[in-house]
Amino acid sequence: MRQAMIRIGAIVRKEFRHLGRDPRMLLAVVITPVIQLLLFAYAISFDVDHVATIVIDFDKSPASQRYLQQYEGSPFFQVVAHGSSLADVDDAFDHNTARVAIVIPSGFSRTLASDAAAQVSVLIDGSEPNAAKISQAYSVALNQLYGQQLTRDWADAQGLDLSSFGLLQPQIRTWYNPERRSSDFLIPGLMVVIIAIVTVQQTAVTLVRERDLGTQEQLEVSPMRRIELMVGKLLPWTLIAFLDVALITGLGRILFNVPLRGDFWALAVGAALFVFASLGMGLLISAIAPTMDTANIMALLIAFLPSFLLSGFAFALDQIPVFLQWISYAFPARYMVTISRGVFLKGSGFAELWPEMVSLVVYALVMLVISSVLYGRRSRA
Amino acid sequence: MTTPATAAPAIRASGLRRSFGDTLAVADLDLEVGEGAVFGLLGPDGAGKSTLIRMLATVLRPDGGEASVFGHSVTTQAALVTPRIGYMSQRFSMYPDLSVAENMDFFATIRGVSKADRRIRSASLLEGMGLAEFTKRQAQHLSGGMKQKLMLATTLMHEPDLLLLDEPTTGVDPVSRREFWRILAGLHRAGKTVLVATPYMDEAERCTQIAFLDSGRIKQFGTPDEIKARVPGRLVEVSATYPRAALAAVQGVPGVESAHLLGDVVRVLWSGAAQPEQALGAALAAAGVDGAGTREVAPDMETVFAYLAGTVAEPHEAAPSGTGSFAS
């Protein structure tokens, strides 16, 4: 046992030496996650606000002015231009100076005064579907608000008391992320993607490297057991993955004000299990990949894409096709995204997240067993 | 020269077989190497040398047959075999980004060498091999000869009794090759058993025993002198202004077993009863070859194997004598 610990220690020391000698690798495991975090968090923001808006008022009446004030006062729309003809809308959309156009036809105030439903055109640039969808919803909401305002004004003018009339007022609240800030929702998921990339890719390559260097044969003629090699290889990467977890959590808290509401230890345990599951996946790749390049590409395909697309990180899992939902169960990222968001946003702990943790344990064990068998089979073939 | 110990021999293999796909790399091979031997495994590329060594080193499973090292099976008792062997693979198999000292220390550590022993042994090995001033240099920045010495030094850190060296001198400059063999001679004197594969025939002379391997079978086995004695007759070098003319002139002369060009001389294997100088001189004169001269030389391994491969290997390809004659 003591000998085994010494051997594992030798592997760990050696792995850190490799890391220290290869600045690119160091860059890949420490700097890249930070860059990815900043890039993703700023670039794939699903937040929609200050949407550039062009308004065209053909009516030019006090009523239309009042209507447009709704848009100018909203933090959601930012009126960037006042047009005079519909051609200005084309122009603004073409040059990306505006994404939404509000067009008030002439006769708007007259129609309102005659108690008929007035028409307002809201034109939306659909080339950015997410922004388009949200713009539409906001604009409808603004119109409703304005409609209610008009109703109230009309009632006041008629001397009616609407307070006894019971107008329906929907109160919508978004739980866990009341401001619906996308960084709150992205960063816990992003952490999962980044850990997956670092761990899967590095383990996938680290064993293939031993084979490529021919050092694997030297390891085989030593009394070291395969499990010692695996543990020696996993330890440094577990440590580095935890460093990345801490880094991302810290940056998320400081730069993006992401809340950490739940049990930190649940996050740590979940992350540890996820790291093991991912490392198992990496070992599986190195057990079957013939070369470093193949291992790299396989790792990218297996670690990056599913954890990005099939984890609930980018797309809600109940929104994707059913067969893709099934495939998503085969990758550990989906469990970890649930854990991560649960702890960060919902304030969850072990009581709520144990099913995901159990799934990760099972997943990690299955991966380690399969890859150990395959690796052993290959090495002396 | 080989003194078979009372205990099990260093290496014993019987019916050992291994194929890769359709290629039979090692074919029903029998072999016995006594303790203390410097055993040369000769043969061209693809003869099966590496396959044999890797099976003996326990890193490759045989398809059939049995092999044992110091009495322990390489398949079922690998854990008893590996502590006593040092295996040096054909390719450089150290970590290129680790220094000389770090490589040696790492492999010795996983081999279970204590810290104190690691320090003492690495100091003396590095000194003995002329690597002492390069301890901090990364392995990737060593020359070819130094890389081989580093591998050998690393292999010796756990003081193995049997060294399995797979073409340690291939691609190494002649000076380094001589030095490498000087180190092996020292190990031999220290009582180690060495099995060394090499494609260089001249290195065979430095071995106590040799086996010539071809197509996975041992074609020749014995001490260098025994093998040389299998070549009937004497070796004569014929020089001439136009060596090709000389070659044409001596071919077909009664008593000439074989003749071939080697550089700018013709090498003739003579088995006639008469003195070769006279008989060949007469033939050369008759053909009118200019500036001809003959000189008897000691047969070298290159010529011996060229002759034995041409006469023995082909007719006896499938003969059982090809496998039976080498157990000493």
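Everything quoted here is computed from the prediction, not taken from an experiment.

Before we go on, may I ask you to explain the overall build of chain B in this structure?
For chain B, the count of helices and strands is 11 helices and 14 strands. The dimensions of chain B, computed from C-alpha atoms along their principal axes, are 75 × 45 × 40 Å. Split into buried and exposed, the 328 residues of chain B put 45% on the buried side.

How should the overall build of chain A be read in this particular structure?
Assigned secondary structure in chain A consists of 14 helices and four strands. For chain A, with 381 residues in total, the buried portion stands at 38%. Intrachain contacts of chain A at a sequence separation of at least 6 include 79% that bridge at least 24 residues.

What am I meant to see in the interface of chain A and chain B here?
When the parts of a complex come together, some accessible area is lost, and that lost area is often used as the size of the interface. If you look at the interface, chain A gives 21 residues, while chain B gives 24 residues. Those elements that place two or more of their residues in the side of chain A that touches chain B are helix 1 (2-21) and helix 8 (215-220) of chain A.

So what exactly am I meant to see when it comes to the domain arrangement of chain A here?
Each assigned domain of chain A is listed with its residue range as follows: domain 1 (2-11 + 19-44 + 182-379) and domain 2 (51-164). Here the C-alpha centre of domain 2 of chain A lies 49 Å away from the C-alpha centre of domain 1 of chain A.

What am I meant to see in the sheet that holds strand 3 (residues 100-104) of chain A here?
Strand pairing in a sheet relies on backbone hydrogen bonds, with the paired strands running either antiparallel or parallel. All names here are of chain A. Pairing in this open sheet of four strands is mixed, and the strands run 2-1-3-4 from one edge to the other. Edge positions in the sheet fall to strand 2 (77-83) and strand 4 (121-124), since each of these pairs with one other strand and no more. Pairwise comparison of adjacent strand axes, ignoring direction, gives a mean angle of 25° for this sheet. Summarising the sheet, strand 1 (residues 51-57) and strand 3 pair through five bridges and their orientation is parallel. Following the sheet pairing, V55 is matched in strand 3 by I102.

Any chance you could explain unusual backbone geometry here in plain terms?
Glycine aside, negative phi is the norm for most residues, and most peptide bonds take the trans geometry. For K60 of chain A, which is not glycine, the phi dihedral falls at a positive 50°. Given 11 C-beta atoms within 10 Å, K60 of chain A falls into the exposed group. The residue E167 of chain B is not glycine, and still its phi comes out positive at about 45°. When you line up the elements, E167 of chain B lands in the loop between strand 7 (162-166) and helix 6 (174-189). For E167 of chain B, a count of 22 C-beta atoms within 10 Å translates into the label buried.

Help me understand the pairing of strand 13 (residues 265-270) of chain B, please; the structure alone is not making it clear to me.
Side chains on a regular strand alternate between the two faces of the sheet. Residues and elements named next belong to chain B. In terms of burial, strand 13 is largely enclosed, as five of its six residues are buried. Where strand 11 (residues 234-239) and strand 13 come together, six bridges link them in antiparallel fashion. Bridge pairing links L235 to L269 in strand 13. Where strand 12 (residues 256-262) and strand 13 come together, six bridges link them in antiparallel fashion. Across the sheet, residue A259 finds its bridge partner in strand 13, namely V268.

Quick question: what am I supposed to make of the domain arrangement of chain B here?
Domain annotation for chain B reports domain 1 (11-228) and domain 2 (232-298). One C-alpha centre belongs to domain 1 of chain B, the other to domain 2 of chain B; they are set 40 Å apart.

Any chance you could explain the nonpolar core here in plain terms?
Residues I195 of chain A together with L56, L164, L195, V250 and V268 of chain B are the most contacted members of the largest nonpolar core, which totals 168 residues. At 16 residues, the largest contribution of residues to this core is made by helix 7 (residues 182-213) of chain A. For V268 of chain B, the contacting residues outside a window of four places in its chain are V236, V238, V250, V256, A259 and L280 of chain B. Residues F77, A98, A101 and L142 of chain A belong to the second largest nonpolar core, which totals 18 residues.

Explanation requested: the packing of helix 1 of chain A against helix 9 (residues 226-256) of chain A in the structure shown.
All names here are of chain A. With their axes 8 Å apart at the nearest point, helix 1 and helix 9 run at an angle of 45° to one another. By the angle between their directions, the pair helix 1 and helix 9 is classed as oblique. With respect to the hand of their crossing, helix 1 and helix 9 are arranged in right-handed fashion. For the pair helix 1 and helix 9, the contacting residues are A4, R7, I8, I11, V12, E15 and F16 in the first and E228, L229, V231, G232, K233, L235 and P236 in the second. In terms of residue class, the contact of helix 1 with helix 9 is made up of nine nonpolar, one polar and four charged.

How should the sheet that holds strand 11 of chain B be read in this particular structure?
All names here are of chain B. Pairing is antiparallel across the open sheet formed by four strands, whose spatial order is 12-13-11-14. The open sheet has two edge strands, strand 12 and strand 14 (293-297), and neither has a second partner. Geometrically, the sheet is characterised by an average inter-axis angle of 25° between neighbouring strands, direction not taken into account. The strands touched by helix 8 (residues 243-250) are strand 11, strand 12 and strand 13; relative to strand 13, the strand with the most contacts, the crossing angle is about 20°. Docked against the sheet, helix 9 (residues 276-287) engages strand 11, strand 13 and strand 14, running at close to 150° with respect to strand 14.

Honestly, the environment of M55 of chain B in this entry has me stumped. Any pointers?
Residue and element names in this part refer to chain B. Relative to the assigned elements, M55 resides in helix 1 (residues 49-56). Considered as a pair, M55 and E66 are 11 residues apart in the sequence and their alpha carbons are 9.9 Å apart. Those residues in contact with M55 that sit more than four places away from it in its chain are L16, R18, L60, P62, A67 and V74.

What is the right way to read the environment of V275 of chain A from this model?
Residue and element names in this part refer to chain A. Along the polypeptide, V275 turns up in helix 10 (residues 264-288). Put simply, V275 and G342 are 67 residues apart on the chain and 18 Å apart in space, counted from C-alpha to C-alpha. Setting aside residues up to four positions removed in sequence, V275 forms contacts with I195, T199, T238 and A241.

Whenever I open this one, helix 9 of chain B confuses me. Can you help?
Residues spaced three or four apart along an α-helix point in a common direction, a consequence of the helix completing one turn every 3.6 residues. All names here are of chain B. Over its 12 residues, helix 9 extends 16 Å from the first C-alpha to the last, a length consistent with the 16 Å expected when each residue adds 1.5 Å. Listed in full, the buried residues belonging to helix 9 are P276, A279, L280, A283 and L284. Buried residues in helix 9, looked at end-on, bunch into an arc of 130°, giving them a common side. Facing away from the buried side of helix 9 by over 90 degrees, the exposed positions are Q278, A282, A285 and A286. Contacts made by the buried residues of helix 9 are with strand 11, helix 8, strand 13 and strand 14.

Help me understand the environment of A137 of chain A in this model?
Structurally, A137 of chain A can be placed in helix 6 (residues 129-158). A C-alpha to C-alpha distance of 30 Å links A137 of chain A and R261 of chain A, two positions 124 residues apart in sequence.

Hey, could you run me through the packing of helix 10 of chain A against helix 11 (residues 292-309) of chain A in this one?
Residues and elements named next belong to chain A. One can describe the packing of helix 10 onto helix 11 by two numbers: an axis separation of 10 Å at closest approach and a directional angle of 145°. Helix-helix and strand crossings are classified by hand; for helix 10 and helix 11 the assignment is right-handed. Here S278, M281, G282, I285 and S286 of helix 10 lie close against helix 11, whose contacting residues are A295, M298, A299, I302 and A303. When the residues that make up the contact of helix 10 with helix 11 are grouped by side-chain class, the tally is seven nonpolar, three polar and no charged.

When you look at the pairing of strand 8 (residues 193-198) of chain B in this model, what are you seeing that I'm missing?
Residue and element names in this part refer to chain B. In terms of burial, strand 8 is largely enclosed, as six of its six residues are buried. In strand 8, alternate side chains face the same way, and those of T193, L195 and A197 on one face and V194, V196 and T198 on the other are all buried. Across five bridges, strand 3 (residues 38-42) lies against strand 8 in parallel orientation. Paired with V38 across the bridge in strand 8 is V194. Sheet topology note: the strand 7/strand 8 ladder contains five bridges and is parallel. What sits directly across from L164, in strand 8, is L195. One crossover worth recording links strand 7 to the parallel strand 8 by way of helix 6, and it is right-handed.

Rules used throughout
In this convention, every chain numbers its residues from 1, walking through the sequence in written order. Going through the entries in the order they are written, you letter the chains from A and number the ligands from 1. Only residues with pLDDT of 70 or above have their local features reported here, since the model is predicted, and side-chain atom pairs are shown and tallied only from 80 upward, although totals for entire chains, interfaces and linings are computed over all residues. Numbering of helices and strands runs from the N terminus, with a helix taken as a DSSP run of H or I at least four residues long and a strand as a DSSP run of E at least two residues long. In this scheme the burial state of a residue depends on its C-beta neighbours within 10 Å: 20 or more other such atoms mean buried, 12 or fewer mean exposed, and anything in between means partly exposed; the C-beta positions come from the backbone. By definition, residues are in contact whenever their C-beta atoms, placed on the basis of the backbone, come within 7 Å of each other. Note: domain ranges come from an automatic or database domain assignment. Two strands pair if DSSP finds at least two bridges between them. All axes here are fitted lines through C-alpha atoms, helices being fitted over the stretch that makes contact, and every angle between N-to-C directions spans 0 to 180 degrees. Core membership is restricted to buried Ala, Val, Leu, Ile, Met, Phe, Trp, Tyr and Cys residues, and these are joined into a nonpolar core through C-beta atoms within 7 Å. Orientation is classified from the angle alone, with under 35 degrees giving roughly parallel, over 145 giving roughly antiparallel, 65 to 115 giving roughly perpendicular, and any other angle giving oblique. It is the rotation of the near helix from the far one that decides the hand of a crossing: anticlockwise by less than a right angle makes it left-handed, clockwise makes it right-handed. By the convention adopted, Pro, Cys, Tyr, Trp, Phe, Met, Ile, Leu, Val and Ala count as nonpolar, Lys, Arg, Asp and Glu as charged, and the other residues, Gly among them, as polar. Expected span of a helix, by definition, is 1.5 Å for each gap between consecutive residues, and there is one gap fewer than residues. Here the arc refers to the set of directions running from the helix axis out to each C-beta atom. Viewed with both strands pointing away, a crossover whose connecting path from the first strand over the helix to the second turns clockwise is right-handed.

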